Structure formats: C-alpha cells, structure tokens
There are 2 protein chains.
Amino acid sequence: MNINATSGLAARPPGRPREFEIEEALDKAIVVFSERGYHAASISELKDAMGLAAGSLYKAFKDKKAIFLAAFDRYKQVRNALLEEELAAGGNGRDKVFRMLRFYAEASHGEHGRRGCLVVGTAIELGVYDAEAAERVNRSMARTEALLDSLIREGQTDGSIPQAVDPATTARLLLSVTQGLRVLGKTGPDRDRALSVVDTAMKLLD
Amino acid sequence: MNINATSGLAARPPGRPREFEIEEALDKAIVVFSERGYHAASISELKDAMGLAAGSLYKAFKDKKAIFLAAFDRYKQVRNALLEEELAAGGNGRDKVFRMLRFYAEASHGEHGRRGCLVVGTAIELGVYDAEAAERVNRSMARTEALLDSLIREGQTDGSIPQAVDPATTARLLLSVTQGLRVLGKTGPDRDRALSVVDTAMKLLD
DNA sequence: TTAATTTGGAAACGATCGTTCCCAAATATG
DNA sequence: CATATTTGGGAACGATCGTTTCCAAATTAA
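Residues numbered from 1 in each chain as written. Chains lettered and ligands numbered in written order. Predicted model: local features only at pLDDT ≥ 70, side-chain atom pairs only at ≥ 80, totals over all residues. Heavy atoms only, no water.

S.K.: I keep staring at the UniProt feature "DNA-binding region" (unreviewed entry) in chain A and nothing clicks. Help me out?
M.R.: The feature "DNA-binding region" (unreviewed entry), as annotated in UniProt, sits at residues 42-61 of chain A in this numbering. In residues 42-61 of chain A, the share of helix is 75% and the share of strand is 0%. The end C-alpha atoms are 15 Å apart. (UniProt positions renumbered as here; feature names shortened; annotations may be inferred. Helix = DSSP H or I, 4+ residues; strand = E, 2+ residues; numbered from the N terminus.)

Encoded structure:
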C-alpha cells in the first residue's frame with residue numbers, strides 16, 4: 001500500500017526541488033526547434049533559450065531527442081487545445097471546416113509562419129530516419145485527417161455540405177493543403193494570399 | 001586576343017584534369033541532401049556517396065553550402081526537364097494541369113516520396129536563416145505557381161476549364177497541394193492515396 | 001542532526017563537424 | 001627538357017557537438 005496515494009496531491013519527492021517549470025522550458029524549446037530544426041538546434045542554443053545549464057537540462061531529459069519529443073508533444077497539446085477552442089465557436093459543419101483551414105492559414109504567414117510547424121519540420125527532417133518521430137508525425141496527420149473527415153460528415157448531416165462530396169478524399173486533400181500552407185509560409189506569402197487559398201479550397205464543399 | 005576563343009570547343013585548362021563528372025557527383029549529393037537534410041548530411045557522408053576525397057570536394061566547391069546550392073540547382077534542372085516532358089505529352093490545358101499534379105503525386109509516395117523534395121526540405125530547414133537558399137526556394141515556388149496559372153488560362157482558352165475559375169487563386173491552392181503532398185509523402189501515403197488527392201483537386205476545375 | 005537524494009551550474013570529455021594542408025600525380029606551357 | 005598549375009587523396013586542424021562529471025545547495029526521511 002502506498003500511503004501517499006491517499007492524497008490527491010502529489011507528494012513532493014525527496015531531493016532539491018526543480019527551480020523551473022518543465023512546460024515553460026518546453027515552450028521555449030518549441031520556438032528553437034521550430035525555427036532551426038532538430039539538427040541545427042544545438043544544446044547550447046536550447047539551454048540559453050530555456051534558461052538552464054546543460055547539467056540541469058540532462059537531469060530533466062535523457063538526451064537531445066527526448067527534449068525534442070517532449071517539445072513535440074507539448075506543441076501538439078497546445079495547438080490541439082487552440083484548434084478545439086476555434087472549432088467550438090463554429091456553427092455548422094461547413095463553418096467548422098472553414099475555421100479549421102483558417103486556423104492553419106493564420107499560422108502560415110508572418111512571424112508564426114516563419115517559425116514553422118513542428119509537425120511538418122519533423123516529417124521532413126526526422127520522418128525517414130527516426131521511428132519515434134515518424135510515429136508521432138503519422139499520428140498527428142491521421143488525427144487531422146480524421147477530424148476533417150468528421151467535420152465534413154457533420155456538414156452533410158446538418159445540410160451545410162452537399163452529399164456529393166466524398167468525405168474521405170476531400171479530407172485528404174484539405175490535409176495536404178494545410179501542410180502545403182505551412183511549407184509556403186516558411187519563406188513566403190502574406191496573410192491575404194494564405195487566406196485566399198482557404199477560400200478557394202472551400203469551393204470543394206459547394 | 002585569346003587565341004583559344006577561335007574554337008567553339010572549350011580549351012582544356014592547365015593542370016591535372018578532373019577525374020569525375022561534376023553533374024554525376026551532384027546527382028549523388030542530391031540523394032543525400034534530400035534524404036538527410038542539409039545539416040544532417042555530413043561532408044563524410046557526402047564524399048562517400050559522391051566517391052570523392054574531402055580534398056577533391058573542396059577543390060570543386062567552396063564549402064558545404066556551395067555543394068548544397070549546386071545540388072539544388074541541378075535538382076531543379078532535372079525535375080524541370082522531366083516536368084516539361086510530361087507537359088509536352090498533354091492535350092488541352094486541363095489535361096496539362098492534371099499531368100502536372102500527377103507528376104508531383106508520383107514523386108510523393110514510395111521510395112521517391114521518402115527521399116523527399118529538395119525544395120520543400122530547403123524551405124523548411126534553410127528558408128529562414130539563409131538568404132541564398134530562400135531566394136532559390138521562392139524562385140522555384142513562384143515558377144511553379146506561374147506555370148499552374150498559365151496552364152489554367154490555357155484551359156480556359158481551349159474550353160477545357162470554365163471561365164468561372166479564378167486562375168490566380170486556384171494556382172496558389174494547387175501549389176500548396178503539391179507542397180503538401182511532398183510533406184505527406186515523407187512518412188506516409190501510398191500511391192493510390194496520393195493520386196486520389198489529385199483527382200479531388202481537379203474538381204476545382206469543373 | 002545526519003544521511004540520502006535530487007537539482008543548479010560550470011568545467012571537462014571524447015567524437016565528429018567542416019575545412020585546410022601537404023604531397024604525389026597529371027596535364028599545359030615554354 | 002623544366003616549370004607552372006591543377007587534381008587526388010589522406011592526414012591533420014581548430015571548433016563545436018552532445019554528453020558526463022563534479023561539487024555546492026536544497027530538500028525529505030530517519
């Protein structure tokens with residue numbers, strides 16, 4: 001029996017307490033990894049950005065890849081929460097699809113666009129050589145595709161999207177549009193151009 | 001007066017002649033850079049793949065970035081030639097757009113898909129921090145977008161694409177579809193799924 | 001109080017990075 | 001022929017990489 005389990009509060013473990021918040025540090029790491037990519041982001045850059053000494057970093061994480069994977073998971077958690085919030089404000093299925101595409105378009109221009117998407121960056125840089133990274137990328141893509149699929153079906157149920165639209169193939173197309181926007185956003189287009197792509201894509205739901 | 005200029009043939013320069021073909025070596029470098037990315041591709045890997053000693057490599061190229069940019073330019077030259085060939089076999093404008101999208105879809109699955117696109121990889125990994133790389137990426141993207149635009153207009157002229165289609169915004173959407181397919185192809189989808197995206201995108205030209 | 005444990009932070013480690021140097025070989029020029 | 005020039009190839013360089021080690025500080029448990 002674990003006497004600590006009687007309390008809902010986690011008992012403070014022995015030893016000197018950590019002086020930084022893991023999630024705050026990961027938020028800084030996300031910026032470095034997104035802008036620079038996995039290989040170009042050095043431990044030196046990471047520790048500076050995260051405000052930690054190398055020793056502290058390696059007590060919190062096994063190695064560089066563990067930092068990266070934790071940052072990836074944190075990134076997905078934050079972005080999923082923001083997307084969920086955006087979708088909750090939506091009306092019918094068609095409106096939710098629009099909001100979702102707009103969500104990606106807004107992340108694909110300006111400073112945010114140049115910072116880049118950690119999922120896309122991971123797919124490009126680590127997708128082939130690292131199984132753990134690839135699995136996370138695939139899970140993320142599959143989730144996005146499934147979400148688009150379900151929103152299209154919701155639109156067909158509420159009448160905002162015609163029955164003639166094929167949910168599966170259309171979801172796959174819209175997924176590739178969102179990933180493509182993220183690529184273009186690294187070097188390129190301004191807000192209006194990103195949003196015009198969304199408007200054009202929505203014609204597939206007419 | 002340069003007496004050598006009287007001949008159309010390039011006069012062999014003094015010194016020991018190079019024993020390898022630059023373009024053949026670059027074709028090997030393209031594979032390494034595409035699969036691994038710029039930073040993960042080490043000089044050691046590159047020289048092994050290219051079949052050269054480090055010294056020879058640095059006599060042919062100023063530094064690692066010069067190797068990369070030469071490989072990028074070679075990649076674009078080869079891919080553009082293949083695309084041009086594919087388009088020359090096309091019928092009307094609509095068919096040419098289809099062939100162009102299919103050209104990207106075919107490069108976005110299986111071994112070729114996992115190898116990846118050097119333009120997409122460069123945008124992600126170097127787009128923000130290297131001006132020369134960014135300029136090449138932007139030139140490539142702009143060229144592709146302009147080509148799609150012109151093919152759509154061609155289709156409107158020959159009657160295969162409705163006048164209601166807006167060439168500029170549709171070209172931009174199709175560009176982002178092609179870039180997205182390349183991202184998905186790194187970890188994912190099989191041939192049929194890639195081609196189904198193309199079929200769905202073509203509905204925008206109905 | 002004492003022992004055990006964990007963190008903070010800096011110094012140090014071996015490995016690998018991109019690059020340069022050096023010398024023998026191969027060619028053009030005089 | 002000798003000389004200048006360029007390449008091939010490998011050894012060597014300093015810098016930086018990711019990681020480990022070490023010690024003082026902070027905490028829990030006994």
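Once you've had a look at it, read on.
S.K.: Is there a simple way to think about the relation of the copies chain B and chain A in this case?
M.R.: The pair of chain copies shares a relation made of a rotation about an axis and a shift along it. Rotating chain B by 180 degrees and moving it 0.0 Å along the rotation axis overlays it on chain A with an RMSD of 0.0 Å. Such a turn and shift between the copies fits a two-fold axis. Proximity to the rotation axis, assessed at the C-alpha, singles out B:Gly180 in chain B; its C-alpha lies 1.9 Å from the axis. In this assembly, 97% of the residues forming the interface of chain B have copies in chain A that are likewise at the interface, indicating an isologous arrangement. (Least-squares fit on C-alpha atoms with pLDDT ≥ 70 in both. Contact = heavy atoms within 4.5 Å.)

S.K.: Can you walk me through the UniProt feature "domain: HTH tetR-type" (unreviewed entry) in chain A in this structure?
M.R.: Taken from the UniProt record, the annotation "domain: HTH tetR-type" (unreviewed entry) applies to residues 19-79 of chain A. The span residues 19-79 of chain A carries 75% helix and 0% strand; its end-to-end C-alpha distance comes to 26 Å.

S.K.: What am I meant to see in the protein's contact with DNA strand D here?
M.R.: Inspection of the region around DNA strand D gives 24 residues, with A:Ile43, A:Tyr58, A:Lys64, B:Gly15 and B:Lys59 positioned closest. Here DNA strand D approaches the protein such that, of its atoms within 4 Å, sugar and phosphate make up 64%. The contact in question runs from a phosphate oxygen of DNA strand D to an N or O atom on the backbone of A:Ala41, over 3.5 Å. Within the side chain of B:Lys59, a nitrogen or oxygen atom sits 2.8 Å from a base oxygen of DNA strand D. When contributions to the surface near DNA strand D are tallied by element, the ones reaching two or more residues are α3 (54-60) of chain A together with α3 (54-60) of chain B. Here the surface near DNA strand D takes 3 residues from α3(B), the largest share from any one element. (Near = heavy atom within 4 Å. Polar contact = N/O pair within 3.5 Å; in protein donor to acceptor, adjacent residues only side chain to side chain.)

S.K.: Teacher, can you tell me more about the packing of aromatic side chains here?
M.R.: By convention here, two paired aromatic rings are described through the distance between centres and the angle between planes. Residues and elements named next belong to chain A. All chains considered together, the criterion is met by 8 aromatic pairs over all chains. Ring centres of Phe33 and Tyr38 lie 6.1 Å apart, and the angle between their planes is 10 degrees; on these two criteria the pair is classed as stacked. Side by side, Phe33 and Tyr38 carry an identical accessibility label, which is buried. Residues Phe103 and Tyr104 carry aromatic rings whose centres are separated by 5.8 Å and whose planes lie at 90 degrees to one another, so their mutual orientation is edge-to-face. (Phe/Tyr/Trp six-rings, centres within 6.5 Å; stacked < 30°, edge-to-face > 60°. Buried < 20%, exposed > 50% of the residue type's maximum accessible area, 1.4 Å probe, protein only.)

S.K.: Looking at this model, I keep getting lost on the pattern of salt bridges. Mind explaining?
M.R.: Two side chains of opposite charge can pair, provided their charged atoms sit close to one another. Applying the stated criterion across every chain, the model contains 40 salt bridges over all chains. For B:Arg193, the salt bridge identified is with A:Glu145, shortest N-O distance 3.3 Å. Separated into two different chains, B:Arg193 in helix α10 (residues 191-202) and A:Glu145 in helix α8 (residues 131-158) make up a pair that spans both. Residue class for B:Arg193 comes out partly exposed when judged on its relative accessible area of 32%. Among the salt bridges present, the one from B:Glu86 reaches B:Arg99, with a minimum N-O distance of 3.1 Å. Here B:Arg99 lies in helix α5 (residues 93-106) and B:Glu86 lies in helix α4 (residues 64-88), a separation of 13 residues in the sequence. The network of salt bridges with shared partners includes A:Glu86, A:Asp95, A:Arg99 and A:Arg102. (Salt bridge = Lys/Arg side-chain N within 4 Å of Asp/Glu carboxyl O.)

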